Amino acid sequence: MLNEDRPKEMSRRQFLTTVGKIGGSAALFSVMGTMGLLSPQTLKAAAFTPPGKSDLALTSRNGKKVVILGAGIAGLTAAYELGEAGYDCVILEARARSGGRIWSVRRGTTVTEIGAAKQVARFAPGLYLNAGPMRVPQFHVTMEYCRKFGIPVEPYNNVNDNAYFYGENIGALSGQKIRKRAAKADIRGYVAEMLAKAVDQKALDLPLTAEEKEKLVTYLKIEGDLNADLFYKGSSRGGYKEEPGGRLDAGVIRDPFDLKAILNTGFGNFFSSEYTYDQQMIMFHPVGGMDAISDAFEKRLGNRIKHHAEVKEIRQSDSGVRIVYTDLQTGQDQEVTGDYCICTIPLSVLKDIPADFSPAMSRAIRSTDYDSSGKIGLQFGRRFWEEDENIYGGSTLTNLDILGIFYPPTEYLSKKGILLGYYNYGPNADKLGNMTFQERENHALKQGAKIHPQYYKEFETSFSVNWKKIKYSLGGWASYTEEDRKTHYPLLCKPDRRIYLAGEHVSYLLGWIAGGIESARLVVTDIHQRVMKA
């Protein structure tokens, strides 16, 4: 047979086009994934295809009602996606606002923690504290909704080497605030020196050729900024004791800290917190506060959200669900029925609500712990960290109770500003959380002043939050051990007859907005498939 008589081979583009025409986008993405043409991020995004109204019309499934408990990010996402598909949805939310732990505290915001006095925010107009989530990694699905809803975002300066490390009871450098760049340069320099010498002297049993060892030493020389003789004697990376300037002013590089002194600080243990997978140098946040995200959802959901509705009972049968709630404005008990329920209430709260869960699901809910978490916003009349110390964004880390000071990543060079005076968790959060809000303020000022002596002179007002004592939250985020993930966690991921759980606690993105979104989208898909098969 002559070559021209053979069927012509399809190009890859033609093949994919044909697949798309015949099988639609789902088939196209599947084939592209098999061929290795999609990145992991693209594959994950493509895995969620919002159910379309046309699908429901074809299967005559319009009119199904879903009752959603909680107007946090998971509840808002579920209602939005189901609503777009033509489902009838209602959200019951106990608070007067949406967002759950997405909470931007502004002037006039009030809170009364469990067992505590009422606290009122007195921040200057335009200033705010993100009491819950405060940043978004570039690759999180949260950015997808910011784009879809037209929410303006700006960079969040997550890492700043011009900020400090500060520690007490750490040896020779106790009580000294040390620029992060200096500590990083010295620790990396000394470690690189030791490794380079060990490799060069054949002191390490490495499965490398002589040429490969030479390449390794070359890398270590560059990484640690070592001299030709493989000694670390300081580096401009760590800063200057006399800054360089014009003409012949080359500056004077700072002397490195003594090896033992810098190692005994333990500052090296902080480094990994800045380059773990979900902590990047540049992250993002909505302009004007994180609540811009929940506000955008609320704008699109309208009266489908019923605020001041505190859930009292969660009931289900083979034919539907029935939710009893108290209207906190009238004090009257009411109920709402539906075909399915998506419960996004934190498990720390849900465990005490009477519900028709299976015994196994009830045990799983009760077995889930929540981490303590606390924050305090400190307003200062002058941005001394910028004016006096050239710190713009990022954070100072310490072994004090406050754990860290976070500098505002917005409104640079303006007059006033709010520092995050502490963002702690675990025992430190419990210690400060058990104080009155006035005691927390005093404690944060006392410890922060060790790092920034300007604190007392420039301080104006504060607002603090202990999430363990915030009603309807009772914790910062869910916490699972490896054993938990194997035992009761899988039960939380499955529907309990007509009730589905969603929220960051049903994800591997604990504490992140994306965790709530991802879990909600999976539940939306599950319910829609169930409706279509019925």
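Counting starts from 1 at the beginning of each chain's written sequence and moves along it residue by residue. Note on the predicted model: pLDDT of at least 70 is required for a residue's local features to be given, and 80 or more for side-chain atom pairs to be given and counted; whole-chain, interface and lining totals, by contrast, use all residues. Side-chain figures throughout are based on the complete set of non-hydrogen atoms in the structure, without hydrogens or water.

Per an unreviewed UniProt entry, the chain goes by FAD-dependent oxidoreductase and derives from Paenibacillus roseus.

Caption draft 1: Up close: the overall build of the chain. Strands are runs of DSSP state E lasting at least 2 residues, helices are runs of H or I lasting at least 4, and numbering of each runs from the N terminus. In terms of helices and strands, the chain carries 19 helices and 25 strands. With 534 residues in all, the chain has 51% of them scored as buried. With the model as given, the accessible surface of the chain reaches about 25900 Å², and the carbon-plus-sulfur share is 52%. Accessibility here uses a 1.4 Å probe with only protein chains present; expressed as a share of the type maximum, an area under 20% marks a residue as buried, one over 50% as exposed, and anything in between as partly exposed. Every accessible area reported is derived by Shrake-Rupley at a probe size of 1.4 Å, with residue values counting cover from the shown protein chains alone.

Caption draft 2: View of the sheet that holds strand E16 (residues 332–338). Strand order across the open sheet formed by three strands is E14-E15-E16, with antiparallel pairing between neighbours. Edge positions in the open sheet fall to strand E14 (309–316) and E16, since each of these has one partner strand only. The average undirected angle you get between the axes of adjacent strands in this sheet is 25°. Pairing geometry for strand E15 (residues 321–327) and E16, over seven bridges, is antiparallel. When the bridges of E16 are listed, Asp 327 appears paired with Gln 332. The pairing criterion is simple: DSSP has to find at least two bridges between the two strands. To obtain an axis, a line is fitted to C-alpha atoms, over the contacting stretch when the element is a helix, and the angle between two such axes runs from 0 to 180 degrees between their N-to-C directions.

Caption draft 3: Region of interest: the packing of aromatic side chains. Note on ring pairs: Phe, Tyr and Trp rings are taken, using the six-membered ring of Trp, and paired if centres are within 6.5 Å. Classes follow the plane angle, with under 30 degrees stacked, over 60 edge-to-face and the rest tilted. Here the structure, examined in full by the defined rule, presents 23 aromatic pairs. When the centroid spacing of 5.5 Å and the interplanar angle of 15° are considered together, the rings of Phe 165 and Phe 270 count as stacked. Taken together, the residues Phe 165 in strand E8 (residues 164–166) and Phe 270 in helix H9 (residues 268–271) connect sequence positions 105 residues apart. The exposure class of Phe 270 is partly exposed, given its relative accessible area of 23%.

Caption draft 4: Unusual backbone geometry, seen in detail. Although it is not a glycine, Asn 390 sits at a positive phi angle of roughly 55°. Along the chain, the position of Asn 390 falls in the loop between helix H13 (384–387) and strand E20 (395–398). Relative accessible area serves as the criterion here: at 47%, Asn 390 is assigned to the partly exposed category. Located in the positive-phi region is Tyr 472, a residue other than glycine, with phi close to 75°.

Caption draft 5: Molecular detail of helix H6 (residues 180–200). Between its terminal C-alpha atoms H6 stretches 30 Å, which fits the 30 Å expected from 21 residues at 1.5 Å a residue. Of the residues one or two after H6, Lys 202 is the one with positive phi, at around 60°. In this analysis, the expected span of each helix is defined as 1.5 Å times one less than the number of residues it contains.

Caption draft 6: Summary view of the pairing of E14. Pairing analysis gives seven bridges linking E14 to E15, with the strands arranged antiparallel. Residue pairing in the sheet places Arg 315 in a bridge with Arg 322 of E15. The turn joining E14 and E15, which pair antiparallel and follow one another in sequence, is formed by four residues.

Caption draft 7: Representation of the sheet that holds strand E17 (residues 340–343) in the model. Strand order in the open sheet formed by five strands is E13-E2-E1-E17-E25, and the pairing between neighbours is parallel. Both edges of this open sheet fall to strand E13 (305–306) and strand E25 (499–501), since each of them pairs with a single strand only. Where strand E2 (residues 88–92) meets E13, two bridges bridge the pair, whose relative direction is parallel. Each bridged residue has a counterpart across the sheet, and for Ile 91 the counterpart in E13 is Ile 305. Contact between two residues is taken to exist if any of their heavy atoms lie within 4.5 Å; hydrogens are not considered. The strands touched by helix H4 (residues 73–84) are strand E1 (65–69), E2, E13 and E17; relative to E2, the strand with the most contacts, the crossing angle is about 165°.

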